[in-house]
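Residue-level structural notes
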Amino acid sequence: MKNISNRLVALALGGALALAGSAVAFTQRPASKLTPVNFTVDERPLPRESAGRTSYAPVVKQVAPAVVKVSTTTKVHNTSFSGERSPDMDDMLRHFFGDQFQGHMPRHNRNSGMPRQEGIGSGVIVTKDGYILTNNHVVDNADEVKVSLTDGREFNAKVVGRDPKSDIAVIKIDAQGLPALSMADSDKIEVGDIVLAVGNPFGIGQTVTTGIVSATGRGNMGIEDYEDFIQTDAAINPGNSGGALVDVDGRLIGVNTAILSRSGGNQGIGFAIPVNLARGVMTSLVKEGHVTRGYLGVMIQDLNPELAKQFKLADATSGALVGDVTPDSPAEKAGLKSGDVILDFNGKKVADSRHLKLEVASTSPGETVPVKILRDGSNKTLEVKVRELPGTATLASNDSHNDKYTGTLNGVGVADIDHSARQQFDVPENVKGAVVTQVEPDSAAAEAGLKPGDVIQEINRHPVKGAEDAVHLTENPKDKTTLLRVWRNGGSHYVVVDESKAG
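Residues numbered from 1 in each chain as written. Predicted model: local features only at pLDDT ≥ 70, side-chain atom pairs only at ≥ 80, totals over all residues. Heavy atoms only, no water.

**Considerations on the overall build of the protein**
- Counting its secondary structure elements, the protein contains 10 helices and 30 strands.
- Considering the protein as a whole, with its 503 residues, one finds that 53% of them fall into the buried category.
- Taking contacts inside the protein between residues at least 6 apart in sequence as the whole, the part at least 24 apart equals 68%.
- In the structure as shown, the protein presents an accessible area of about 23,300 Å², 47% of it carried by carbon and sulfur atoms. (Helix = DSSP H or I, 4+ residues; strand = E, 2+ residues; numbered from the N terminus. Buried < 20%, exposed > 50% of the residue type's maximum accessible area, 1.4 Å probe, protein only. Contact = heavy atoms within 4.5 Å. Areas by Shrake-Rupley, 256 points an atom, 1.4 Å probe, with all protein chains shown as cover.)

Printed below as a string of structure tokens:
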């Protein structure tokens, strides 16, 4: 993914590209001074008749005025800019934009002598009084933001708020009677629906492309903390960031945000943030001044066939396995335990750990919701009162190391957790078990992902008090499949080791 996944960044003319990774949302003025967001939602079903269209011109005429160019200026504090670009900078520009942008340089402020980095992205007007949706990475760290409308008008824009976790930002211009797009219900779109992407690729001016919805619910891309992308083959390129993805009725269904590309340009795989997610973020930023997300207090992982068998789950393709429960969290107070499989949250089926994370985040703090779990082969429903996500808390860390745990404990050395081990491996005092001190490189355990510093807390659902316990519990097993609960990096997850698959 590092080599082929490129963020659609604002057009950095000669500057280095950086993405915000902050865990909080920012606001540049008190929310109380802002007018309410009066957007329009149109939830009518999309007509899906088979008859083709000869032109999308009527849709474009409706949509185009609401899609704007967002220009940013950022003071460059790196004094290495001296009038000539380094080879590394040239490589980065070619990687993202192609050779046609080699001639652009940071511009210098005549008064201060400080170079300025300029960027170009896109935005979508969603209210008649000037609220605009765009991407966080388009306006991140910008000292000046300007908005250009298709009718030639230009406005200075204020950044209302940014949310790096979803890559959504809200900006506002001082104007009335603006052309605003209505929003569809993005949960209702289907693979195969025709979509149009509108934006300002490469800064050449507004451009419209068309394609279909290639997939929905794309996640685990490593782009954002909260990922539920709409995938499309409509051509999207750098500069399209923050632009509109609309249906054939001209309703906004997504905000374009990223591409998957080996060249830096469009290769038929683009991603948009669903408008339902963007709408919730926007409302929180304007009303609260920050994004309010729900918090459960569990560390979860996806299931595979081996884990499903161990936890007596018939369907290995859905559910989220609880590896650990945060003390004094909503989950602990509701009675959730490690080893529980969360099947439904607030009446919705849990497809995997990513979907659970999104559902919890979208739940209002203070709301009490039903959570259906599988525990020891039996279904049970708990009532959980969701709290607000703390700034430093992990909502649901998706530990995906369980994909191919097919090894055994052969080749693994363990020891009691003494003071020295706790210091060496940074193990908290409340974590009990046997610390892994050695894993043979060619062992099945190494293939499974077991590492020195891991703490084995349970073996086949039995607690491990120390190294002697660990050795005893692996002697004379009923079969060659072993279930481990392992602590690592601040949380616990489960690992299935299957000796029967070893060569």
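**Examining the packing of aromatic side chains**
- By the definition in use, this model includes 2 aromatic pairs.
- Note on F229 and F271: the rings are 5.6 Å apart at their centroids and 40 degrees apart in plane angle, and the pair reads as tilted. With F229 in strand β13 (residues 229–232) and F271 in strand β16 (residues 270–274), this pair connects stretches of sequence that are 42 residues apart. Taken individually, F229 and F271 each receive the classification buried, so the pair is uniform in this respect.
- Their ring planes at 80 degrees and their centres at 5.1 Å tell us that F311 and Y494 sit as a pair that is edge-to-face. One end of the pair, F311, is in the loop between α5 (305–310) and β19 (320–325); the other, Y494, is in strand β30 (residues 491–498), with 183 residues separating them in the sequence. (Phe/Tyr/Trp six-rings, centres within 6.5 Å; stacked < 30°, edge-to-face > 60°.)

**A few points about the confidence of the model for the protein**
- In the predicted model, the protein carries a mean pLDDT of 77, and the fraction of residues at 70 or more is 77%.
- Confidence drops under pLDDT 50 across residues 1–32; counting only partners more than four residues distant or on other chains, this segment forms 112 contacts. (pLDDT = per-residue confidence, 0-100.)

**Details of the pairing of strand β15 (residues 252–260)**
- Summarising burial for β15: 9 of the 9 residues are buried, a large majority.
- Relative to β15, strand β14 (residues 244–247) runs antiparallel, the two sharing 3 bridges. What sits directly across from V246, in β15, is L252.
- Where β14 folds back on β15, the antiparallel hairpin that results is connected by 4 residues, among which G250 adopts a positive phi of roughly 80 degrees.
- As paired elements, β15 and β16 share 5 bridges and run antiparallel to each other. By the bridge assignment, I259 is partnered in β16 with G270. (Pairing = 2+ DSSP bridges.)

**Regarding the environment of G319**
- Structurally, the position occupied by G319 is in the loop between α5 and β19.
- Look at G319 and you get buried, because its relative accessible area is 2%.
- Expressed as a C-alpha distance, the spacing of G319 and F345, which sit 26 residues apart in the sequence, is 9.9 Å.
- The contacts of G319, once residues within four sequence positions are left out, are L303, V341, I342, V350, A351, D352 and S353.

**A look at the environment of M299**
- Looking at where M299 falls in the secondary structure, it is placed in strand β18 (residues 298–301).
- Once the C-alpha coordinates of M299 and G490 are considered, the two residues, 191 residues apart in sequence, prove to be 9.6 Å apart.

**Looking at the pattern of salt bridges**
- For the structure on display, the rule yields 13 salt bridges.
- Put simply, D140 and R162 hold a salt bridge, and the shortest N to O gap is 3.2 Å. A residue pair is termed long-range when its members are at least 10 positions apart, and D140 in the loop between α3 (136–139) and β7 (144–148) and R162 in strand β9 (residues 158–163) qualify at 22 residues. A single burial state applies to D140 and to R162, both of which are buried. (Salt bridge = Lys/Arg side-chain N within 4 Å of Asp/Glu carboxyl O.)

**Details of the nonpolar core**
- With 52 residues, the main nonpolar core has L133, I171, I173 and L252 as its most contacted residues.
- No other element matches helix α4 (residues 275–288), which puts 6 residues into this core.
- Residues within four places of I171 in sequence aside, it is in contact with V70, G130, Y131, I132, T134, V139, V145, V147, A157, K158, V159 and V160.
- Residues A331, F345, V369 and I373 belong to the second largest nonpolar core, which totals 20 residues. (Core = buried A, V, L, I, M, F, W, Y, C linked by side-chain atoms within 4.5 Å.)

**Quick look at the pairing of β14**
- Going residue by residue along β14, you find A244 and V246 tucked away on one face and L245 and D247 tucked away on the opposite face as well.
- Where strand β11 (residues 194–199) lies against β14, 4 bridges are found, and the strand directions are antiparallel. By the bridge assignment, V198 is partnered in β14 with A244.

**A word on α4**
- With 14 residues, α4 should cover 20 Å at 1.5 Å per step; its first-to-last C-alpha distance of 19 Å lies within 8% of that length.
- Along α4, the residues that are buried comprise V275, N276, A278, R279, V281, M282, S284, L285 and V286.
- Just downstream of α4, G289 is the residue with a positive phi angle, here 85 degrees. (Expected span 1.5 Å × (residues − 1).)

**So, the side chain of D340**
- If you trace the backbone, D340 turns up in the loop between α6 (330–334) and β20 (341–345).
- Overall, the relative accessible area of 2% leaves D340 in the buried class.
- A polar contact of 2.7 Å, which involves the side chain of D340, links it to the backbone nitrogen of K337.
- Apart from residues no more than four positions distant in its own chain, D340 is found in contact with A320, L321, V322, G335, I373, L374 and R375. (Polar contact = N/O pair within 3.5 Å; in protein donor to acceptor, adjacent residues only side chain to side chain.)

**Topic: helix α7 (residues 353–361)**
- Within α7, 7 of the 9 residues are buried, which leaves the element mostly enclosed by the surrounding structure.
- Among all positions in α7, only S353, R354, L356, K357, L358, V360 and A361 are buried.
- Buried-residue contacts for α7 involve β12 (207–218), α4, β17 (294–295), β18, β19 and β20.

**Points about unusual backbone geometry**
- Positive phi, normally seen in glycine, also occurs at D328, with a value near 60 degrees.
- Structurally, the position occupied by D328 is in the loop between β19 and α6.

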